[in-house]
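Close look at the chain arrangement
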Amino acid sequence: MRMATADRITAVVFFALGIAMLVGGYTMDRLPIRQIHPLSIPGLVPMILGALLALCAVLLLFQAGDREESSPEMLMVGGSITRLVLTIVLTVGYGAIMVDRLPFFWATAIFITAFMLVFSWSAASDGRARAVVIAKSVGFGGIAAFGIVMLFQEAFLVRLP
């Protein structure tokens, strides 16, 4: 399969998902019984995310149309399969194993750090460059995990595992 074809298929799937999120968010209960302001509907965030996803799908479709179908750029050749498998292993490990057994902050920090290390390690050729990659990965993993935890706990009032 060529990249342009894969992009078109992905755009159609994302557009359908975005519209489904938009419609699903719009049809959610408005909770008027509890005197909640109409603009604080529970489906507002899914509606916004669905609209943005549909917009990004349209942009992807236009971008895929600009690319020539005869280009030699193929999907899933060489390191792409390896990167896909690594991504699946890391995300399943995070969601199915770490989140349940570790506090959310630590699971997220370890996941982000490991993800950055796995995909940045090959670019670092010498010892100093690898030390920089490790430092950046650990630092970004900790900062991002803290930001994610604060966003969900304080802004969205979600009780994290």
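Residues numbered from 1 in each chain as written. Predicted model: local features only at pLDDT ≥ 70, side-chain atom pairs only at ≥ 80, totals over all residues. Heavy atoms only, no water.

Per an unreviewed UniProt entry, the protein chain is named Tripartite tricarboxylate transporter TctB family protein, and its organism is Roseisalinus antarcticus.

Description of the overall build of the protein chain
For clarity, the threshold we go by: Strands are runs of DSSP state E lasting at least 2 residues, helices are runs of H or I lasting at least 4, and numbering of each runs from the N terminus. The rule is simple: take the accessible area with a 1.4 Å probe, protein chains only, and divide by the maximum for that residue type; under 20% is buried, over 50% is exposed, in between is partly exposed. By definition in these notes, contact holds between two residues if any of their heavy atoms fall within 4.5 Å. We get accessible surface area from the Shrake-Rupley algorithm with a probe of 1.4 Å; when it comes to residues, only the shown protein chains can shield them.
From N to C terminus, the protein chain includes five helices and zero strands. The linear arrangement of helices and strands in the protein chain, starting from the amino end, is α-α-α-α-α. Each of the 161 residues in the protein chain was classed as buried or not, and the buried ones make up 22%. For the protein chain, the share of sequence-separated contacts (at least 6 apart) that also reach a separation of at least 24 residues comes to 68%. Accessible area for the protein chain stands at about 11100 Å²; split by element, carbon and sulfur atoms hold 73% of it.

Overview of the UniProt feature "transmembrane region" (unreviewed entry) in the protein chain
Inclusion rule: UniProt positions are given in the numbering used here, feature names are shortened, and annotations may be inferred rather than shown by experiment.
UniProt tags residues 9–28, 40–62, 74–97, 103–124 and 131–152 as "transmembrane region" (unreviewed entry). Helix makes up 90% of residues 9–28 and strand 0%, and the two end C-alpha atoms of the span are 29 Å apart. As annotated, residues 131–152 has a helix share of 100% and a strand share of 0%, and its two end C-alpha atoms lie 32 Å apart.

Regarding the side chain of S137
So the rule is basically this: In protein, a polar contact means a hydrogen-donor-capable atom and an acceptor-capable atom, both N or O and within 3.5 Å, with residues adjacent in sequence counting only if both atoms are side-chain atoms; elsewhere, any N or O pair within 3.5 Å suffices.
Along the chain, S137 falls in helix α5 (residues 127–155). Under the relative-accessibility criterion, S137 is labelled buried at 1%. A distance of 2.8 Å separates the side chain of S137 from the backbone oxygen of V133, its partner in a polar contact. Residues in contact with S137, not counting those within four places in the same chain, are T113, M116 and L117.

Observations regarding the nonpolar core
To keep things clear, this is the line we draw: We call a set of buried Ala, Val, Leu, Ile, Met, Phe, Trp, Tyr and Cys residues a nonpolar core when their side-chain atoms join them within 4.5 Å.
L90, Y94, M98, V99, F104, A107, F111, I112, F119, A144, V149 and L160 form the largest nonpolar core, which has 12 residues in total. Broken down by secondary-structure element, the contributors of at least two residues to this core are α3 (79–101), α4 (104–120) and α5. Among the elements that line this core, the one with the most residues is α4, at five residues. Setting aside residues up to four positions removed in sequence, F104 forms contacts with Y94, V99, I148, V149, L160 and P161.

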